[in-house]
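# Coordinates in review
Below, each chain spelled out in residue letters.
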Amino acid sequence: MASASDGWKLFLPYLSFIFVILYFTHSHFVTKLFIGSETVRIKKTPDLPLRFRSDGTFKILQVADMHFGSGIITSCRDVLDSDFEYCSDLNTTRFLKRLIEAENPDFVAFTGDNIFGPSTTDAAESMFKAFGPAMESGLPWAAVLGNHDQESTMNREELMSLISLMDYSVSQVNPWSDGLPNPTQHGITSNIDGFGNYHLRVYGAPGSMLANSSIMNLYFLDSGDRAVYQGKRTYGWIKESQLNWLRNVAIEFQVTH
Ligand SMILES: *[C@@H]1O[C@H](CO)[C@@H](O)[C@H](O)[C@H]1NC(C)=O
Ligand SMILES: *[C@@H]1O[C@H](CO)[C@@H](O)[C@H](O)[C@H]1NC(C)=O
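Per an unreviewed UniProt entry, the protein is named Calcineurin-like phosphoesterase domain-containing protein, and its organism is Acacia crassicarpa.

## Comments concerning the sheet that holds strand β7 (residues 198-203)
Taken in spatial order, the 3 strands make up an open sheet running β1-β7-β8, and their pairing is mixed. Single-partner strands in this sheet number two, and they are β1 (50-51) and β8 (214-220). Where β1 lies against β7, 2 bridges are found, and the strand directions are parallel. Along β7, the bridge assignment pairs Leu50 with Val202.

## Observations concerning the packing of aromatic side chains
One pass over the full model with this rule turns up 9 aromatic pairs. When the ring of Phe107 is compared with that of Phe220, the centres are 6.3 Å apart and the planes differ by 75°; the resulting orientation is edge-to-face. Within this pair, whereas Phe107 is found in strand β3 (residues 107-111), its partner Phe220 is found in strand β8, the two being separated by 113 residues in sequence. Neither Phe107 nor Phe220 differs from the other in exposure class; each is buried. When the ring of Tyr219 is compared with that of Trp245, the centres are 6.2 Å apart and the planes differ by 80°; the resulting orientation is edge-to-face. You can see Tyr219 sitting in strand β8 and its partner Trp245 sitting in helix α7 (residues 240-256), a full 26 residues away along the chain. A network of ring pairs unites the aromatic residues Phe52, Phe58, Phe107, Tyr198 and Phe220 as a single cluster. A cation sits over an aromatic face here: Lys239 above Trp237, 5.2 Å from the ring centre.

## A closer look at the sheet that holds strand β2 (residues 60-63)
Ordered in space as β2-β3-β4, the 3 strands form an open sheet in which the pairing is parallel. Across the chains shown, the open sheet's two edge strands, defined by having one partner strand only, are β2 and β4 (141-144). Recorded for the sheet is a direction-independent mean angle of 15° between the axes of neighbouring strands. The sheet contact formed by β2 and β3 spans 4 bridges and is parallel.

## Here's the deal with the state of the cysteines
Using the criterion set out here, one finds 1 disulfide in the structure. Two residues, Cys76 and Cys87, share a disulfide whose sulfurs are 2.0 Å apart. Between Cys76 and Cys87 the sulfur-sulfur dihedral comes to about -75°; the bridge is accordingly left-handed. Here Cys76 is found in the loop between β2 and α2 (81-84), whereas its partner Cys87 is found in the loop between α2 and α3 (89-103), with 11 residues between them in sequence. For the residue pair Cys76 and Cys87, the accessibility class agrees, reading buried in each case.

## Some points on the site of ligand 1
In the region of ligand 1, the neighbouring residues are Asp83, Tyr86, Leu90, Asn91 and Arg94. In the environment of ligand 1, an oxygen atom lies 3.3 Å from a nitrogen or oxygen atom belonging to the side chain of Asp83. Here ligand 1 loses 57% of its free accessible area of 360 Å² to cover by the protein chains. By residue number, the principal contributor to the shell around ligand 1 is α3, which donates 3 residues. Taken together, the residues of the shell around ligand 1 break down into 2 nonpolar, 1 polar and 2 charged.

Reading guide: rules and limits
- Residues numbered from 1 in each chain as written.
- Chains lettered and ligands numbered in written order.
- Predicted model: local features only at pLDDT ≥ 70, side-chain atom pairs only at ≥ 80, totals over all residues.
- Heavy atoms only, no water.
- Pairing = 2+ DSSP bridges.
- Helix = DSSP H or I, 4+ residues; strand = E, 2+ residues; numbered from the N terminus.
- Phe/Tyr/Trp six-rings, centres within 6.5 Å; stacked < 30°, edge-to-face > 60°.
- Buried < 20%, exposed > 50% of the residue type's maximum accessible area, 1.4 Å probe, protein only.
- Lys NZ or Arg CZ within 6 Å of the ring centre and 35° of its normal.
- Axes fitted to C-alpha atoms, helices over the stretch in contact; angles between N-to-C directions.
- Disulfide = S-S within 2.5 Å.
- Near = heavy atom within 4 Å.
- Polar contact = N/O pair within 3.5 Å; in protein donor to acceptor, adjacent residues only side chain to side chain.
- Areas by Shrake-Rupley, 256 points an atom, 1.4 Å probe, with all protein chains shown as cover.
- Nonpolar A, V, L, I, M, F, W, Y, C, P; charged D, E, K, R; others polar.

Written as structure tokens, this is what we have:
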């Protein structure tokens, strides 16, 4: 009996010791998680799938050639002398914000030369600024590249990866296999030229007969940057591999949807 109660007396400090260790481990763990949640940003996703409105419309705002540079320090080109002093990339940002507000689109498509490589020394920063209004709007948006986007610190693959990870972006680097019979590597079609080839389904209006059907398919293709063809410097073009992918997706949709 006596030995049992002595045991408890020894056991209690031992328990508190464990408790203290657990407490510190726990708070350390929580702190780590907390620090973790501050450094690791999770991408915000838009309401998906894309779908038509009840009035049967689906409005796309297409924006091309923003030619974004470094922000306020990048002056406008081809403006009147009187405007030059006050005109910068900030005008582009303001214009885009106003367009989004005025048009209230369902989807925003950026179709190349989003940034102008020679006017920035940090492609990622320039991209974040260029797409800022789209990210702030919370609308689903997607982008492809032009021939000037990669003329700075990131190549086309890196740029498309970055864009695909931005808030509310539904852009993809290249297509997921999508259950299609073409050769794939890790679920991504590997035999396709360029970066930024993908398609997006748009579903029927909520509550309608077509609510669960993809009724419009948006295709995005990388038309490349520059190329040398028969000794001449020229622009890139859409390759046969990309058209094959497009045809396969289109055929698959005709068969199954
Ligand atoms: C845009 O450009 C004009 C000059 O062309 C200027 O007056 C205006 O303040 C600029 N800034 C913004 C943010 O729109
Ligand atoms: C679409 O799917 C939802 C959820 O599964 C279902 O409740 C609804 O009836 C379907 N609508 C049509 C038109 O098939």
